[in-house]
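Structural characterization, general
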Amino acid sequence: MTPIVETQRLSKQYRAETALREVSLAIPPGAVYALVGANGAGKSTFIKLLMNIVQPTAGAATVLGFASTEVAGAVFERIGYVSENQEMPEAMTVGDFLAYVRGFYPTWDRALEADLVERLDLPLKRRLKNLSRGMKMKAALASVLAYRPAFIVLDEPFSGLDPLVRDELIESLRERKGESTILLSSHDLEEVESFATHVGYLQDGRLLFSEELSTLGDRFREVTVVVGDGATLPPNLPETWLTPKLADGVFHFVDSSYDEAAGLRTGRFFPQSVDASVAPMNLRSIFVAIARAGRASAREKAEAAR
Ligand SMILES: Nc1ncnc2c1ncn2[C@@H]1O[C@H](COP(=O)(O)OP(=O)(O)OP(=O)(O)O)[C@@H](O)[C@H]1O
């Protein structure tokens, strides 16, 4: 199946700032793809490149089969994009705003619009400028879901929203699963875990991984091995063992490529081990482990360069 999005070594430089470095990924049809990463990791830049708001310095992307630099007009009618700081015609009422947007989209579904207005509890007579951020986000989302776009793109849709509004937004998006492909950027790993099918992790503009949430959950394990007093850390531990730590006869690490042979590998390094436990990890602990490992390796490199 042709991916909805495909990027090849997509890169963006803003003067001295490299915002995105050679990002290659694919988003298959029907996916709910969550792009995560710390502040400044490049999430918004990636989305803006796909939406043809900024242009790549190098590399390329396709969106719905078109080059990202051609995303405009009729292609854009098939995309529902809500940006982080969505600009809206503030003086309009919610009702007027929806009527205004309706005019641009031949596929606008009036019944779905009415349903969204009711479920998201949108105050049709209130002016946009008098709405809270959460309410505005809901109005923006209704204005893109109502024309049933093939591709929904949301930059930080949940940030700063209370849990109730967040749940309402997620529920409305869940209903689009199957019909639309969704790309969203988020800091909220719990929401991502409950909702996404795929996750891509950006760090300093680099894509550390892009994969299905289920395979990510399968390959990460927190491992604790009781190796006995007096044991020392062997050299050349596998690079896939993140944040290794030995203290008081207990060796602890995060295995980022866990499989059936994992026990054998551990035994090779610690033949004297007496006990071991292996625990699955949630998305949050996986990210913390990756971020810590990244920081430790940056520290090591800096020390080596000194
Ligand atoms: N127009 C711009 N001019 C110069 N630098 C920019 C511009 N836009 C973004 N950057 C820089 O590019 C890097 C990536 O920014 P980006 O907004 O894509 O990150 P982000 O992951 O979306 O961050 P956040 O989670 O805080 O929204 C940052 O270092 C940012 O300062």
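The rules behind each value
Residues numbered from 1 in each chain as written. Predicted model: local features only at pLDDT ≥ 70, side-chain atom pairs only at ≥ 80, totals over all residues. Heavy atoms only, no water. Near = heavy atom within 4 Å. Polar contact = N/O pair within 3.5 Å; in protein donor to acceptor, adjacent residues only side chain to side chain. Areas by Shrake-Rupley, 256 points an atom, 1.4 Å probe, with all protein chains shown as cover. Helix = DSSP H or I, 4+ residues; strand = E, 2+ residues; numbered from the N terminus. Nonpolar A, V, L, I, M, F, W, Y, C, P; charged D, E, K, R; others polar. Buried < 20%, exposed > 50% of the residue type's maximum accessible area, 1.4 Å probe, protein only. Contact = heavy atoms within 4.5 Å. UniProt positions renumbered as here; feature names shortened; annotations may be inferred. Salt bridge = Lys/Arg side-chain N within 4 Å of Asp/Glu carboxyl O. Core = buried A, V, L, I, M, F, W, Y, C linked by side-chain atoms within 4.5 Å. Domains from an automatic or database assignment. Lys, Arg positive; Asp, Glu negative; His and termini not counted. Patch = residues over 30% accessible without salt bridge, like charges linked within 9 Å, V, L, I, M, F, W, Y side chains within 5 Å. Charge placed at Lys NZ, Arg CZ, Asp CG, Glu CD. Pairing = 2+ DSSP bridges. Axes fitted to C-alpha atoms, helices over the stretch in contact; angles between N-to-C directions.

Looking at an unreviewed UniProt entry, one finds the protein chain named ABC-2 type transport system ATP-binding protein, with Granulicella rosea as its source organism.

1. Quick look at the site of the ligand
Taken together, the neighbourhood of the ligand is formed by 14 residues, with Asn 39, Gly 40, Lys 43, Ser 44 and Thr 45 sitting nearest. Glu 17 is positioned such that a nitrogen or oxygen atom in its side chain is 3.0 Å from an oxygen atom of the ligand. Considered on its own, the ligand offers 640 Å² of accessible surface; in the complex 64% of this is hidden by protein. The set of elements that each furnish at least two residues to the shell around the ligand consists of β2 (17-27) and α1 (43-50). The dominant element in the shell around the ligand, judged by the number of residues it contributes, is α1, at three residues. Here the shell around the ligand is composed, by residue class, of four nonpolar, six polar and four charged.

2. Observations concerning the side chain of Lys 138
Within the fold, Lys 138 resides in helix α5 (residues 133-145). When its relative accessible area of 4% is taken as the criterion, Lys 138 is described as buried. Within polar-contact distance, the side chain of Lys 138 engages the backbone oxygen of Leu 120 at 2.8 Å. Beyond its immediate sequence surroundings of up to four residues, Lys 138 is in contact with Leu 120, Leu 122, Val 165, Glu 168 and Leu 169.

3. Looking at the UniProt feature "domain: ABC transporter" (unreviewed entry) in the protein chain
Residues annotated by UniProt as "domain: ABC transporter" (unreviewed entry) correspond here to residues 5-229. Taken end to end, residues 5-229 has its terminal C-alpha atoms 52 Å apart, with 31% of it in helix and 30% in strand.

4. Here's the deal with the pattern of salt bridges
The tally for this structure, following the rule as stated, stands at 15 salt bridges. For the salt bridge of Arg 9 with Glu 22, the shortest nitrogen-to-oxygen distance reads 3.2 Å. With Arg 9 in strand β1 (residues 5-14) and Glu 22 in strand β2, this pair connects stretches of sequence that are 13 residues apart. Overall, Glu 22 belongs to the partly exposed group, its relative accessible area being 49%.

5. Observations regarding the nonpolar core
Among the nonpolar cores identified, the biggest contains 55 residues, and Val 36, Leu 173, Leu 184, Phe 220 and Phe 287 are the most heavily contacted of them. For this core, the element with the highest residue contribution is α5, accounting for seven residues. Counting contributing residues, this core receives three or more from each of domain 1 (5-216) and domain 2 (220-305). When neighbours within four sequence positions are excluded, Phe 220 is seen to be in contact with Leu 242, Val 254, Asp 255, Ser 256, Pro 280, Met 281, Ile 286 and Ile 290. Of all hydrophobic cores here, the second largest spans 28 residues; its members include Ala 41, Ile 47, Met 51 and Leu 202.

6. A closer look at the side chain of Asp 155
Mapped onto the elements, Asp 155 comes out in strand β7 (residues 151-155). With no salt bridge to any partner, buried Asp 155 finds its closest opposite charge in Lys 48, at an N-O distance of 6.0 Å. Within the structure, the side chain of Asp 155 is placed 2.9 Å from the side chain of Ser 44, a separation counted as a polar contact. When near neighbours in sequence (up to four residues on either side) are disregarded, Asp 155 contacts Ser 44, Ile 47, Val 82, Ser 83, Glu 84 and Ser 185.

7. Remarks on a positive patch on the surface
Together, Lys 245, Arg 292, Arg 295 and Arg 299 make up a region of like positive charge exposed at the surface. Of the residues forming the positive patch, the biggest block, three residues, is contributed by helix α10 (residues 283-305).

8. Comments concerning the sheet that holds strand β13 (residues 250-255)
Paired through backbone hydrogen bonds, the strands of a sheet run either parallel or antiparallel to each other. Across the sheet, which stays open at both edges, the four strands sit in the order β12-β13-β11-β14 with antiparallel pairing between neighbours. Looking at which strands have only one partner, the edges of the open sheet turn out to be β12 (241-247) and β14 (275-280). Strand-to-strand twist across the sheet, computed as the mean angle between neighbouring axes with direction ignored, equals 15°. Note that strand β11 (residues 221-226) and β13 share six bridges and pair antiparallel. The residue of β13 that forms the bridge with Glu 222 is Val 254. Set on the sheet, α10 makes contact with β12 and β13; between it and β12 the angle comes to about 80°.

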